[in-house]
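Here are the chains, one letter per residue:
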Amino acid sequence: MSKSAGANSQAARILFGLGLGLALGLLAGSFLPEATQPALNWWIDQVIQPAGRLFLRIIFMVVIPLILSAIVIGTMEMGDVRTLGRVGSRALFATVALSATSVAIALGLVNLIQPGHSLPEASRASLVATYAGASQKSIERGSQSQTIATTLLNFIPENPLAEAVNAFNPENKGGGLLAVMVFSLFVGVALTIAPRERTVILRGFFEGMFEVSMVIIGFALRLAPLGVACLGFAVAARLGLDLFRTLGIYVGVVLLGLAIQQFVVYPLALRFFAGRGPLRFFSDAKEAIITAFSTSSSNATLPVALRVAEKNLAIPPRIARFVLTVGASANQNGTALYEGVTVLFLAQVFGVDLSFSQQIVVALMCVMAGIGTAGVPGGSLPLVVGVLLSINVPPDAIAIILGIDRFLDMCRTALNVSGDLVIAAIVANGTPEAEV
Ligand code: ASP
């Protein structure tokens with residue numbers, strides 16, 4: 001069985017698990033007699049939710065090693081940029097600018113439309129009560145003020161190990177997960193500068209750590225169909241039909257954000273920075289975009305994207321090879337946008353009010369998570385869990401989103417690959433082939 005067929009049947013099993021859990025939960029919540037409610041609650045709290053959390057705990061276990069290694073490797077790949085001079089710096093600049101735009105769109109839309117607030121107050125209260133503690137702690141932490149200077153300084157960790165250990169501890173006054181990400185960024189950059197022959201083992205160590213983390217995430221995902229069934233049951237039994245409306249609005253916000261980046265931001269970037277007509281560009285690039293949509297994997301789309309860039313878009317091969325290969329894992333605008341919407345949406349659902357500065361921190365984490373996400377189906381899931389944990393939004397809710405994730409993954413991967421091609425076109429414009 002091919003990798004993509006395996007991923008498809010896995011996605012189908014997760015969707016089936018979610019459907020079953022939600023349907024049974026709805027039936028139990030609506031039709032069981034009032035007198036059985038205490039017994040139902042006992043079952044949900046003592047058996048169903050713990051069973052559902054099993055796969056999440058396995059993911060939590062590797063969030064820190066995964067983020068550390070993924071960002072080191074991602075930055076290392078981007079850092080090799082230096083050796084490519086002008087091509088590299090243009091690609092780096094365009095990557096950061098387009099990722100920032102996509103996260104800004106996510107923040108703007110979630111604050112404007114407020115999808116998480118569409119849940120009626122009573123339902124939210126019951127949800128928060130179910131996951132009591134974590135979100136309350138976050139609200140309290142949010143109200144502890146620190147000066148802007150201290151907050152910014154904290155992102156550069158004095159002791160990265162302490163930050164890694166306390167990344168999910170609500171009492172932690174340091175920079176938390178973002179500080180771990182910044183540390184990884186520094187290590188990645190330094191690795192590109194240090195002599196290669198002296199750092200072979202360290203590079204191999206991070207690559208190995210990344211591979212092992214992904215294998216463990218694979219174990220967790222095998223349990224995911226059962227997990228989402230249990231968590232879906234628990235949420236549906238407590239929230240009833242309100243949940244579906246809220247989820248529908250969330251999906252709408254993600255799609256709207258992706259559409260703005262694809263149909264407004266990219267065309268403007270193409271017109272002004274690449275000197276190309278957007279309609280023609282996307283029509284020539286459609287084979288790569290459709291492949292990305294159907295495989296949900298930037299990495300799997302790479303060969304098609306390379307062919308499209310060279311043959312249809314007439315991008316010089318050296319530029320195409322460099323920008324698209326690095327971009328397949330390090331430039332993921334769609335993923336960064338999706339992560340921003342998802343994290344802020346879940347924060348709203350759980351009544352965690354994030355201040356403006358906390359939202360900026362989330363935005364920075366999403367930009368970095370975009371660099372660290374593997375270009376494979378569902379690659380962003382562990383990073384979303386990490387960001388949720390670090391702002392103390394109960395990550396269990398990701399189970400509901402996981403059920404519809406495959407469809408959103410297809411859409412965001414199409415944007416990720418379009419973004420790589422747009423950047424290649426921007427870099428190619430004004431870089432005479434002789435200089436490359
Ligand atoms: N599937 C995405 C990609 O390959 C990554 C993700 O957002 O999960 O680009």
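Computed from a prediction, not measured in an experiment: that's the story for all the values here.

The rules behind these values
Residues numbered from 1 in each chain as written. Predicted model: local features only at pLDDT ≥ 70, side-chain atom pairs only at ≥ 80, totals over all residues. Heavy atoms only, no water. Helix = DSSP H or I, 4+ residues; strand = E, 2+ residues; numbered from the N terminus. Buried < 20%, exposed > 50% of the residue type's maximum accessible area, 1.4 Å probe, protein only. Contact = heavy atoms within 4.5 Å. Areas by Shrake-Rupley, 256 points an atom, 1.4 Å probe, with all protein chains shown as cover. Core = buried A, V, L, I, M, F, W, Y, C linked by side-chain atoms within 4.5 Å. Near = heavy atom within 4 Å. Polar contact = N/O pair within 3.5 Å; in protein donor to acceptor, adjacent residues only side chain to side chain. Nonpolar A, V, L, I, M, F, W, Y, C, P; charged D, E, K, R; others polar. Phe/Tyr/Trp six-rings, centres within 6.5 Å; stacked < 30°, edge-to-face > 60°. Lys NZ or Arg CZ within 6 Å of the ring centre and 35° of its normal. pLDDT = per-residue confidence, 0-100. Salt bridge = Lys/Arg side-chain N within 4 Å of Asp/Glu carboxyl O. Bend = angle between axes of the 7 residues up to and from the residue. Patch = residues over 30% accessible without salt bridge, like charges linked within 9 Å, V, L, I, M, F, W, Y side chains within 5 Å. Axes fitted to C-alpha atoms, helices over the stretch in contact; angles between N-to-C directions. Parallel < 35°, antiparallel > 145°, perpendicular 65-115°, else oblique. Left-handed = near helix turned anticlockwise from the far one by under 90°.

Q: I'm lost on the overall build of the protein in this one. Help?
A: Across its full length, the protein carries 18 helices and 0 strands. Across the 436 residues of the protein, 56% fall into the buried class. Considering only contacts in the protein between residues 6 or more positions apart, those separated by 24 or more positions represent 84%. Carbon and sulfur atoms form 69% of the exposed surface of the protein, whose accessible area is close to 18600 Å².

Q: What is the right way to look at the nonpolar core in this model?
A: A general tendency of soluble globular proteins is for nonpolar side chains to be buried together. Membership of the largest hydrophobic core comes to 135 residues, with the highest contact counts inside it found for Met-181, Tyr-250, Ile-315, Leu-324, Leu-421 and Val-422. Of all the elements, helix 2 (residues 37–79) adds the most residues to this core, at 15 residues. Sequence-distant contacts of Val-422, defined by excluding residues within four places in its chain, comprise Leu-98, Tyr-266, Ala-269, Leu-270, Phe-281 and Phe-282. Counting residues in each nonpolar core, the second largest holds 8 residues, with Ala-28, Ile-44, Ile-48 and Cys-230 among its members.

Q: How should I be thinking about the site of the ligand in this particular structure?
A: Taken together, 17 residues lie around the ligand, and Ser-298, Thr-335, Asp-409, Arg-412 and Asn-416 are the ones closest in. Contacts to the ligand include Ser-298, whose side-chain N or O atom sits 2.5 Å from an oxygen atom. Taking Asp-409, its side chain carries an N or O atom lying 2.7 Å from a nitrogen atom of the ligand. In isolation the ligand has 280 Å² of accessible area, and contact with the protein removes 100% of it. If you tally residues by element for the shell around the ligand, the top one is helix 18 (residues 405–428), at 4 residues. For the shell around the ligand, the residue count by class is 3 nonpolar, 12 polar and 2 charged.

Q: I keep staring at the packing of aromatic side chains and nothing clicks. Help me out?
A: The geometry of an aromatic ring pair comes down to the distance between the two centres and the angle between the two planes. A complete count under the given rule lists 4 aromatic pairs for this structure. Residues Tyr-250 and Phe-345 carry aromatic rings whose centres are separated by 4.6 Å and whose planes lie at 25° to one another, so their mutual orientation is stacked. With Tyr-250 in helix 10 (residues 242–274) and Phe-345 in helix 14 (residues 333–349), the pair connects residues that are 95 residues apart, well separated along the chain. Overall, the relative accessible area of 0% leaves Tyr-250 in the buried class. One residue, Arg-412, lies across the ring of Tyr-338, its end atom 3.9 Å from the ring centre.

Q: What is the right way to look at the confidence of the model for the protein in this model?
A: Do not read the fine detail of predicted coordinates wherever pLDDT is low. Model confidence for the protein is summarised by a mean pLDDT of 83, while 89% of its residues fall at 70 or above. Per-residue pLDDT stays below 50 along residues 138–144; that stretch engages in 13 contacts with residues further than four places along the chain or on separate chains.

Q: Hey, could you run me through the pattern of salt bridges in this one?
A: Any two side chains of opposite charge can pair, so long as their charged atoms come close to each other. Counted according to the given criterion, the structure contains 5 salt bridges. Here Arg-412 and Asp-409 are joined by a salt bridge, their closest N and O atoms 3.3 Å apart. Of this pair, Arg-412 and Asp-409 are both found in helix 18, 3 residues apart, which corresponds to roughly one turn of the helix. Asp-409 matches Arg-412 in its accessibility class, with the two residues each being buried. Counted as one network, the salt bridges with shared partners bring together Asp-405, Asp-409 and Arg-412.

Q: Help me understand helix 12 (residues 298–312), please; the structure alone is not making it clear to me.
A: Residues separated by three or four positions in an α-helix point in the same direction, a consequence of the helix having 3.6 residues per turn. Of all the bends in helix 12, the greatest, near 35°, is centred on Val-304. Listed in full, the buried residues belonging to helix 12 are Ser-298, Thr-301, Leu-302, Val-304, Ala-305, Leu-306, Val-308 and Ala-309. Where helix 12 is buried, its residues contact helix 11 (278–295), helix 13 (317–330) and helix 18. Once helix 12 ends, the next one or two residues include Ala-314, with phi positive near 50°.

Q: Help me understand a nonpolar patch on the surface in this model?
A: A contiguous nonpolar surface patch, about 560 Å² in accessible area, is contributed by Phe-16, Leu-20, Leu-24, Leu-27 and Phe-31. Tracing the backbone through its elements, the reader meets Phe-31 in helix 1 (residues 3–31). The exposure class assigned to Phe-31 is exposed, which follows from its relative accessible area of 64%.

Q: What is the right way to look at the side chain of Gln-332 in this model?
A: Note on placement: Gln-332 falls in the loop between helix 13 and helix 14. You can call Gln-332 buried: its relative accessible area is 2%. Here Gln-332 is in contact with Ser-298, Gly-327, Gly-370, Thr-373, Ala-374, Gly-375 and Asn-416, once residues within four sequence places are set aside.

Q: Explanation requested: the packing of helix 10 against helix 14 in the structure shown.
A: Two quantities define a packed helix pair, namely the angle between the helix axes and the distance between the axes. Taken N-terminus to C-terminus, the directions of helix 10 and helix 14 make an angle of 150°; their axes are 10 Å apart at the nearest point. Looking at the two axes, helix 10 sits roughly antiparallel to helix 14. Relative to helix 14, the crossing made by helix 10 is right-handed. On the side of helix 10, the interface is formed by Thr-246, Tyr-250, Val-253, Val-254, Gly-257, Leu-258, Gln-261 and Tyr-266, while helix 14 contributes Asn-333, Gly-334, Leu-337, Tyr-338, Val-341, Thr-342, Phe-345 and Val-349. Partitioning the contact of helix 10 with helix 14 into residue classes produces 10 nonpolar, 6 polar and no charged.

Q: How should the side chain of Asn-333 be read in this particular structure?
A: Take Asn-333: it is sitting in helix 14. Among the polar contacts made by the side chain of Asn-333, one reaches the side chain of Ser-99 at a distance of 3.4 Å. Once residues within four sequence positions are removed from consideration, Asn-333 is found in contact with Leu-98, Ser-99, Ser-102, Gln-261, Tyr-266, Leu-415, Asn-416 and Gly-419.

Q: Help me out: how do you make sense of the environment of Ala-164 in this one?
A: By the element assignment, Ala-164 lies in helix 7 (residues 160–165). Sequence separation of Ala-164 and Leu-68 is 96 residues, and the distance between their C-alpha atoms is 9.3 Å. Contact partners of Ala-164, with chain neighbours within four places excluded, come to Ile-64 and Val-180.

Q: Teacher, can you tell me more about unusual backbone geometry here?
A: Despite not being glycine, Gln-114 shows a phi value in the positive range, around 50°. For Gln-114, the position within the fold is in the loop between helix 3 (85–113) and helix 4 (121–130). For Gln-114, a relative accessible area of 28% puts it in the partly exposed group. We note that Ser-296 has phi near 55°; this positive angle belongs to a residue other than glycine. Mapped onto the elements of the fold, Ser-296 is located in the loop between helix 11 and helix 12. The exposure class of Ser-296 is buried, given its relative accessible area of 1%.

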